[in-house]
Amino acid sequence: MSATVGSADTVDATDPVVDGAAMRDVLGHFASGVVVVTANGPSGPIGFTCQSFTSLSLDPPLVSFAPSRTSSTWPRIRDAGTFCVNILAADQQHHSAGFARSHVDKFAGVRWRPGRSGAPILEGVCAWVHCRLHSEHDGGDHTIVVGRVLELAADHARRPLLYHRGNYGFVLPRPREEVR
Ligand SMILES: Cc1cc2nc3c(=O)[nH]c(=O)nc-3n(C[C@H](O)[C@H](O)[C@H](O)COP(=O)(O)O)c2cc1C
């Protein structure tokens, strides 16, 4: 894994103060999918819900996501060194809520199979991406994690779960354009 890159403190005294509530409200307009990042921990499967996932690079094949510095699961996934990003399907809102809880057995009643190195692939996901931890970077109160893709697959029949302004949604087929 690459070394953590420190942050340059570029804060200027004249910078306006940006309110956290405004950040949440305005940036909530950016719609995303929802993933559950899983790993094979020392005492069983672990995972957490995440919307900050994105495809980063094709060559080399990299993806990224940003766990909060308060996440209790991320340090354990880091220790595992490999993880699986599970892209949730439209009917898996319960997994989004279930894996967003802290300090509980998040896998109780969850059907999954071990992927490469044992990281869980949840049953019924749209797609999964198996990664090795590539690097970590400073992201303020979050950590920017970069994963090197080792293996990936998709179920093209499934539609993704979406997250927008604090609510869940799903993709509708595009309406046919009116013929004039
Ligand atoms: C839809 C949704 C998206 C989330 N996205 C993130 C995220 O991008 N980064 C993050 O740190 N937490 C995110 N969370 C919150 C974490 O899932 C939650 O804080 C975490 O699972 C807490 O568990 P832990 O202490 O086991 O890490 C999200 C939660 C939900 C419901």
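Residues numbered from 1 in each chain as written. Predicted model: local features only at pLDDT ≥ 70, side-chain atom pairs only at ≥ 80, totals over all residues. Heavy atoms only, no water.

Attention now moves to the site of the ligand. As a structural note, the neighbourhood of the ligand is formed by 20 residues, with Ser68, Ser71, Ser72, Thr73 and Ser102 the closest of them. Thr73 places a side-chain nitrogen or oxygen 2.4 Å from an oxygen atom of the ligand. Taking Ser102, its side chain carries an N or O atom lying 2.6 Å from an oxygen atom of the ligand. Look at the ligand: alone it shows 640 Å² of surface, and the protein chains cover 82% of it. Assessed atom by atom at 2 Å from the grid points, the ligand resides in the largest pocket. (Near = heavy atom within 4 Å. Polar contact = N/O pair within 3.5 Å; in protein donor to acceptor, adjacent residues only side chain to side chain. Areas by Shrake-Rupley, 256 points an atom, 1.4 Å probe, with all protein chains shown as cover. 1 Å grid on protein atoms, 1.4 Å probe; cavity = no way out; pocket = protein on both sides within 12 Å on 5 of 7 lines; lining within 4 Å. Sits in = over half its atoms within 2 Å of the grid points.)

In this section: the sheet that holds strand β1 (residues 32–33). Strands sit in the order β1-β11-β12 across an open sheet of three strands; the sheet is antiparallel. The sheet terminates laterally at β1 and β12 (167–170), the two strands that pair on one side only. Of the pairings in the sheet, the one linking β1 to strand β11 (residues 161–164) comprises two bridges and is antiparallel in character. Bridged to Ser32 within β11 is Tyr163. (Pairing = 2+ DSSP bridges. Helix = DSSP H or I, 4+ residues; strand = E, 2+ residues; numbered from the N terminus.)

The subject of this paragraph is the UniProt feature "domain: Flavin reductase like" (unreviewed entry) in the protein chain. Under the UniProt annotation, "domain: Flavin reductase like" (unreviewed entry) lies at residues 27–170. End C-alpha atoms of residues 27–170 are separated by 19 Å, and the span's content is 10% helix alongside 49% strand. (UniProt positions renumbered as here; feature names shortened; annotations may be inferred.)

Quick look at the pairing of strand β4 (residues 54–57) now. Across three bridges, β4 lies against strand β5 (residues 62–65) in antiparallel orientation. Looking across to β5, one finds that Ser57 is bridged to Leu62. A loop of four residues connects β4 with β5, the two strands running antiparallel in sequence.

A cluster of nonpolar side chains, Val18, Met23, Val26 and Leu27, forms an exposed patch at the surface whose accessible area comes to about 390 Å². Tracing the backbone through its elements, the reader meets Met23 in helix α1 (residues 20–27). (Patch = residues over 30% accessible without salt bridge, like charges linked within 9 Å, V, L, I, M, F, W, Y side chains within 5 Å. Salt bridge = Lys/Arg side-chain N within 4 Å of Asp/Glu carboxyl O.)

Below, the discussion takes up the state of the cysteines. In protein structure, a disulfide is the covalent linkage between the sulfur atoms of two cysteines. Going through the model one piece at a time under the given rule, you end up with zero disulfides. Not engaged in a disulfide, the cysteine Cys50 finds its nearest cysteine sulfur in Cys131; these two sulfurs lie 12 Å apart. On the accessibility criterion, Cys50 (5% relative accessible area) is buried. Judged by relative accessible area, Cys131 falls into the buried class, the value being 0%. (Disulfide = S-S within 2.5 Å. Buried < 20%, exposed > 50% of the residue type's maximum accessible area, 1.4 Å probe, protein only.)

Here we take up the environment of Arg113. With respect to the helices and strands, Arg113 occurs in strand β7 (residues 112–114). Arg113 sits in the partly exposed class, given a relative accessible area of 46%. Sequence-wise, Arg113 and Arg132 are 19 residues apart; in three dimensions their C-alpha atoms are separated by 18 Å. In this structure Arg113 touches Ala119, Pro120, Ile121 and Trp128, once residues within four positions along its chain are discounted. (Contact = heavy atoms within 4.5 Å.)

Once that is clear, we can look at the layout of surface pockets. Within this model, the largest pocket holds a volume of roughly 1,200 Å³. Surrounding the largest pocket, 35 residues form its lining, Arg24, Gln51, Ser52, Ala66 and His142 being those nearest its centre. Those elements giving two or more residues to the lining of the largest pocket turn out to be α1, β3 (44–50), α3 (93–98) and β11. At four residues, the largest contribution of residues to the lining of the largest pocket is made by α1. For the lining of the largest pocket, the per-class residue count stands at 13 nonpolar, 17 polar and five charged. (Points joined across faces, edges and corners; volume = space filled by probe spheres on them. Nonpolar A, V, L, I, M, F, W, Y, C, P; charged D, E, K, R; others polar.)

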